[in-house]
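# Structural overview for review
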2 protein chains.
Amino acid sequence: MNNIKIKKASGVIEDFSSRKLLDSLIRSGTDRDQAGEILEKITSEISPYMSTKRIYRLAQKYLRQFNRATGLRYSLKRGLMRLGPSGYPFEKYFGEIMRQYGYHVDVGIILEGKCVKHEIDVFAANDREVVSVECKYRNNAENAPDVKVAMYVHSRFQDLRPVMKARYPDRTFTGWLVTNTRFTSDAIQYAECMGLRMKSWRYPDGNSLEKMIESKKLYPVTVLSTLNSYQIRKLIDHRIILMKQLAQMDERDIRRLLSITGNKAAELKHQANELCFCE
Amino acid sequence: MNNIKIKKASGVIEDFSSRKLLDSLIRSGTDRDQAGEILEKITSEISPYMSTKRIYRLAQKYLRQFNRATGLRYSLKRGLMRLGPSGYPFEKYFGEIMRQYGYHVDVGIILEGKCVKHEIDVFAANDREVVSVECKYRNNAENAPDVKVAMYVHSRFQDLRPVMKARYPDRTFTGWLVTNTRFTSDAIQYAECMGLRMKSWRYPDGNSLEKMIESKKLYPVTVLSTLNSYQIRKLIDHRIILMKQLAQMDERDIRRLLSITGNKAAELKHQANELCFCE
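Residue numbers run consecutively from 1 along every chain, following the written order of its sequence. Lettering for chains starts from A, numbering for ligands starts from 1, and both go in the order in which the items are written. Confidence filtering applies because this is a predicted model: local features only for residues at pLDDT of at least 70, side-chain atom pairs given and counted only at 80 or more, and all residues used for totals across whole chains, interfaces and linings. Excluded from the side-chain calculations are hydrogens and water; all other atoms, namely the structure's heavy atoms, are used.

Let's shift gears to the interface of chain B and chain A. Taken together, the contact pairs 18 residues of chain B with 18 residues of chain A. The term buried area refers to how much accessible surface (probe radius 1.4 Å) is lost by two components on association, counted for both of them together. Together chain B and chain A conceal approximately 1500 Å² of surface at their shared face, both sides included; 71% is due to carbon and sulfur atoms. When the buried area of chain B at its contact with chain A is split by residue, C115, M151 and Y152 of chain B rank highest and sum to 33% of it. Contacts described as polar in this section are N or O atom pairs within 3.5 Å, which, within protein, must combine one atom able to donate a hydrogen with one able to accept it, while residues neighboring in sequence count only if both atoms come from side chains. Linking chain B with chain A are 9 residue pairs in polar contact (both at pLDDT 80 or more). Examining the composition of the side of chain B that touches chain A, we find that 8 residues originate from one element, helix α5 (residues 147–167) of chain B, more than from any other. Note on residue categories: nonpolar means Ala, Val, Leu, Ile, Met, Phe, Trp, Tyr, Cys or Pro, charged means Asp, Glu, Lys or Arg, and polar means any other residue, Gly included. Considering only residue class, the side of chain B that touches chain A consists of 8 nonpolar, 4 polar and 6 charged. The contact criterion used throughout is that any non-hydrogen atoms of two residues lie within 4.5 Å. The helix count covers DSSP runs of H or I at least four residues long, the strand count covers runs of E at least two residues long, and both are numbered beginning at the N terminus.

So this is what it looks like as structure tokens:
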């Protein structure tokens, strides 16, 4: 990539400087990591004697894409909060995520442990494994599930383990604790030490809740700020919890379900399509 | 005991009827079990040709004793509630109970478990055993500690176990969960299944919290309804938490500590003595 010539607006030819481009990306408000990624994408597309104007246009395109991802992630965080006020929509949503990952899923079932009965928020199974999930919906980040939550949930899975081992002798059994916000640091310390799997916003690295969502574009309908809470409840009650499902709905069904005009239904479907890149 | 003759007030001699006496005890408001116990005590003291008047006096004596025990137990239940509003006085009180049972006791210490640190409410040790106690003070019976509490507390003791085993290899280690009211039935079911020791009002049979208190007369100062909450706090702050300790205090010290008159201090000391049968 060194010594590629580019053409300035004035017609002057000069060497392309990746340093200069990086600096200008950072000046535009992109953080260093993002700027580095964008730079890489641009440089791979630069051809000899390309105009600086065209290079800037490329930069703008990638900046927009990155900002859109950042914006979508922000909407996702807020959208997860909007799954309240009760914990049930979040359980349903996480159940849907597991289903999209190929598990057979039951939401809100009672299972006998060795000692007592337990209500299991999401019970997911495939040919190789059985997963029992405890969901902790929180309507603000300050109320993060703490080590006491991790401890009682661990006891719950320990009580279920012998029953699961007997019922599914050929599959692994794991207990997951999932929240829409964060866990306290001692909850994480306890879980890692005990082998309890936890998932939250940005935890664990590379396999966090938002990574599970983003990598299959499983955005909840609550990311659409144009929907009010009545409409959200209507959709969730009818098992339309993913943007994907909304995007696949017939316009007329959307109109009827939400009691809105045809134009609004079309707009909603369009937005759903755009946001989840479903098509 | 059959066919013992007794003498009526009219001078008439007749056979003693335990049935008649039992009925009159029950009519006086005693419940059937208590009436049975009192009847047993009385019949063991009846001698031939004893007057019915004397028999009634015996009955009254035992009824008073039983009512006093019932009254004291009622005061104890209310006194345990008055150890609030925070949980700390109850921890201190239970620590004192363990001390009176011959343990070396620490209240409110931090211990490292295998995975995380834990705050231990009461840590009690003697030559043979080490006991880690979690205290759950409740200001009403409806808020009984449930199975989630039992589960997280069990996890806590499981995390402490390897550390305790290493530190005290020659002693047994047990975890206790103690509350001033009751536990929910599923909490009890879980604890019994898992080997977690729990103590509450009337649980377990024969070794419950109030039995531990009554058998050594370890009544808390809060059973004295004449003390207001300021005075209770003063006493507890000065480590006077048992009636026993109050009864053993110098009258002048009581006067100074609670800023009351000498007469009131003497009365308090007298009440403490009476209530705990300390002398």
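Our focus in this paragraph is the pattern of salt bridges. All names here are of chain B. Whenever a carboxyl oxygen of Asp or Glu lies within 4 Å of a side-chain nitrogen of Lys or Arg, that contact is scored as a salt bridge. The final tally for this structure, using the stated rule, is 18 salt bridges over all chains. Across the pair K8 and E14 runs a salt bridge, and its minimum N-O distance is 3.9 Å. Remark: exposure states derive from per-residue accessible area (1.4 Å probe, protein chains only) relative to the maximum for the residue type, with buried under 20%, exposed over 50%, and partly exposed in between. Looking at K8, the relative accessible area reads 36%, which means it is partly exposed. Judged by relative accessible area, E14 falls into the partly exposed class, the value being 24%.

This next bit is on the side chain of D121 of chain B. Here D121 of chain B lies in strand β5 (residues 117–125). In this charge count, Lys and Arg are treated as positive and Asp and Glu as negative; neither His nor the chain ends contribute. For the buried residue D121 of chain B, which engages in no salt bridge, the nearest side chain bearing the opposite charge is K136 of chain B, 5.7 Å off.

Once that is clear, we can look at unusual backbone geometry. All names here are of chain A. Note that the residue after Y203, namely P204, is joined by a cis bond; omega there is -10 degrees. Structurally, P204 can be placed in the loop between β8 (197–199) and α7 (209–215). Its identity is not glycine, yet Y49 carries a phi of approximately 65 degrees, on the positive side. When you line up the elements, Y49 lands in the loop between α2 (32–45) and β3 (50–51). Unusually for a residue other than glycine, K217 sits at a positive phi of about 55 degrees. Within the fold, K217 resides in the loop between α7 and α8 (229–237). Classification of K217 as partly exposed rests on a relative accessible area of 30%.

Quick look at the sheet that holds strand β5 (residues 117–125) of chain A now. Residues and elements named next belong to chain A. Any two strands between which DSSP finds at least two bridges are classified as paired. Judged by pairing direction, the sheet is mixed, and its 5 strands sit side by side in the order β4-β5-β6-β7-β8 without closing on themselves. The open sheet terminates on both sides in strands that have one partner only, identified here as β4 (104–112) and β8. Neighbour-to-neighbour, the strand axes of this sheet turn through a mean angle of 35 degrees, independent of strand direction. The pairing of β4 with β5 spans 8 bridges and is antiparallel. If you follow V105 over to β5, its bridge partner there is A124. Relative to β4, helix α4 (residues 88–100) is tilted by about 125 degrees, and along the sheet it contacts β4, β5, β6 (129–136), β7 (172–179) and β8. Here the axes come from fitting lines to C-alpha atoms, over the contacting stretch only for helices, and the angles between their N-to-C directions go from 0 to 180 degrees.

Residue and element names in this part refer to chain A. Running from N to C, helix α5 (residues 147–167) and helix α6 (residues 185–194) point in directions that differ by 30 degrees, and their axes come no closer than 7 Å. Between α5 and α6, the interaxial angle falls into the category roughly parallel. Residue-level inspection shows V147, A150, M151 and H154 of α5 in contact with α6, the latter providing D186, A187, Y190 and M194. Of the residues in the contact of α5 with α6, the class split is 6 nonpolar, 1 polar and 1 charged. Angle categories: roughly parallel below 35 degrees, roughly antiparallel above 145, roughly perpendicular from 65 to 115, and oblique for all the rest.

Turning next to the nonpolar core. Membership of the largest hydrophobic core comes to 54 residues, with the highest contact counts inside it found for M198 of chain A together with M198 of chain B. Among the secondary structure elements, those contributing two or more residues to this core are β5, α5, β7 and α6 of chain A together with β5, α5, β7 (172–179) and α6 (185–194) of chain B. Beyond its immediate stretch of four places on either side in the chain, M198 of chain B contacts A150, L177, F183, A187, I188, A191, Y203 and P204 of chain B. Here, the term nonpolar core denotes a set of buried Ala, Val, Leu, Ile, Met, Phe, Trp, Tyr and Cys residues that are joined through side-chain atoms within 4.5 Å. Grouped together as the second largest cluster of nonpolar side chains are 47 residues, W176, L209, M212 and Y219 of chain A included.

The subject of this paragraph is the side chain of R156 of chain A. Within the secondary structure, R156 of chain A is located in helix α5. A distance of 3.2 Å separates a polar atom in the side chain of R156 of chain A from a polar atom in the side chain of H118 of chain A. The contacts of R156 of chain A, once residues within four sequence positions are left out, are H118, E119 and E134 of chain A together with M151 of chain B.

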